[in-house]
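Listed here are the chains, written in short residue letters.
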Amino acid sequence: MSGLNVGTWRGGLALALALAGVAPTDGQTFEVTSGRVVVVCPLTVGGRFEVTTTAVAGQITMDARVREIEGVLGVDLRTLDAGIGLRTSHLKETYLEVQRGPLFERATLSGIVLDTPVAGMPNGPVGFQGQFTLHGQTRAVAGNVDLSRKDGRYDVRVRFPLRIDAFQIARPAYLGVGVSNDIDVTVRATLVAVAPSR
């Protein structure tokens, strides 16, 4: 339910550079220096709540000539905040089961493929597809990315939908109110180029 990271970030990162009109050099690596994930969870009776975290990390490597982005972005699910203490603990312990170990503590995005090679990106949102791992399950995801360049860094926003049951997560309920099976994930990240080792 805490779709990170994320993820989807990787595509976003590479994509972001292209949208800014600056294609990365072949095999250039970028690192997330800060980030924030917001998962919007609609309620079955109307209304919604948000689950957030800033525990985003990862690196990607891209080639301007191809659509595939190498690397993995991850989010630490143990840091999620659902706004209310009891709801947060239920989310992490009952539904995401983070106490079961490493496969359940993190959500990751990998295998990103952009709709267009980095060097040929148009302005505006660009689509991507990737592999998202959550709750020990890996599923295909798709969404879009927006990017802006500022002070030598790249600010990226990645957005994609998730279905809770696709990851074998029970439909969450809190005080008798259920959560919709369809949630929306937005990841914002700041990336900087990693200096090559000498």
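What counts as what
- Residues numbered from 1 in each chain as written.
- Predicted model: local features only at pLDDT ≥ 70, side-chain atom pairs only at ≥ 80, totals over all residues.
- Heavy atoms only, no water.
- Patch = residues over 30% accessible without salt bridge, like charges linked within 9 Å, V, L, I, M, F, W, Y side chains within 5 Å.
- Areas by Shrake-Rupley, 256 points an atom, 1.4 Å probe, with all protein chains shown as cover.
- Salt bridge = Lys/Arg side-chain N within 4 Å of Asp/Glu carboxyl O.
- Helix = DSSP H or I, 4+ residues; strand = E, 2+ residues; numbered from the N terminus.
- Buried < 20%, exposed > 50% of the residue type's maximum accessible area, 1.4 Å probe, protein only.
- Arc of directions from axis to C-beta.
- Pairing = 2+ DSSP bridges.
- Contact = heavy atoms within 4.5 Å.
- Polar contact = N/O pair within 3.5 Å; in protein donor to acceptor, adjacent residues only side chain to side chain.
- Phe/Tyr/Trp six-rings, centres within 6.5 Å; stacked < 30°, edge-to-face > 60°.

> Any details on a nonpolar patch on the surface? Residues and values, ideally.
A cluster of nonpolar side chains, namely I84, L86 and L175, defines an oily patch on the protein surface of about 300 Å² accessible area. Considering the arrangement of structural elements, one finds L175 in the loop between strand 9 (173–174) and strand 10 (177–178). Relative accessible area serves as the criterion here: at 70%, L175 is assigned to the exposed category.

> Tell me what's going on with helix 2 (residues 85–95), and back it up with residues and numbers.
Considered for burial, the residues of helix 2 that qualify are R87, T88, L91, K92 and Y95. Burial along helix 2 is one-sided: seen end-on, the buried residues are contained in an arc of 125 degrees. Trailing helix 2 by a residue or two, E97 shows a phi angle of about 55 degrees, which is positive.

> Which residues make up the pairing of strand 3 (residues 56–62), and what values go with them?
Only one face of strand 3 is buried: it carries V56, G58, I60 and M62, and the other face, with A57, Q59 and T61, is open. Following strand 3, the chain reverses through five residues before pairing antiparallel with strand 4 (residues 68–76).

> An account of the environment of E105 is requested, with residue identities and associated values reported.
You can see E105 is positioned in helix 3 (residues 102–105). Between the C-alpha atom of E105 and that of R78, which follows or precedes it by 27 residues, the distance is 6.1 Å. Beyond its immediate sequence surroundings of up to four residues, E105 is in contact with V75, D76, L77, R78 and V98.

> Residue-level account of the side chain of Q137, with values.
Take Q137: it is sitting in strand 7 (residues 137–150). For Q137, a relative accessible area of 18% translates into the label buried. At 3.2 Å, the side chain of Q137 forms a polar contact with the side chain of R139. If we skip the residues at most four places from it in the chain, Q137 touches F132, F167 and Q168.

> Tell me what's going on with the packing of aromatic side chains, and back it up with residues and numbers.
Aromatic ring pairs are described here by two measures, namely the spacing of the ring centres and the angle between the planes. One pass over the structure, following the stated rule, counts two aromatic pairs. For the pair F132 and F167, a centre-to-centre distance of 5.9 Å together with 90 degrees between the ring planes defines the contact as edge-to-face. With F132 in strand 6 (residues 126–134) and F167 in the loop between strand 8 (153–163) and strand 9, this residue pair connects regions lying 35 residues apart in the sequence. Here F132 matches F167 in class, with each residue buried. One aromatic cluster is present, built from ring pairs that chain together F132, F160 and F167.

> Got a sec to walk through the pattern of salt bridges? Specific residues and values, please.
Across all of its chains, the model carries seven salt bridges by this definition. Between D184 and R159 there is a salt bridge, with its nearest N and O atoms 2.8 Å apart. Highlighted residues: D184 in strand 11 (residues 182–193) and R159 in strand 8, separated in sequence by 25 residues. Judged by relative accessible area, which is 19%, D184 ranks as buried. R163 is paired through a salt bridge with D182; the nearest N and O atoms lie 2.8 Å apart. Taken together, the positions of R163 in strand 8 and D182 in strand 11 put the pair 19 residues apart, joining distant regions of the chain. On the basis of relative accessible area, R163 is assigned to the partly exposed category, the value being 42%. Owing to a relative accessible area of 38%, D182 belongs among the partly exposed residues under this scheme. Look at the salt bridges and you will find they share partners, linking D76, R78 and E105 into a network.

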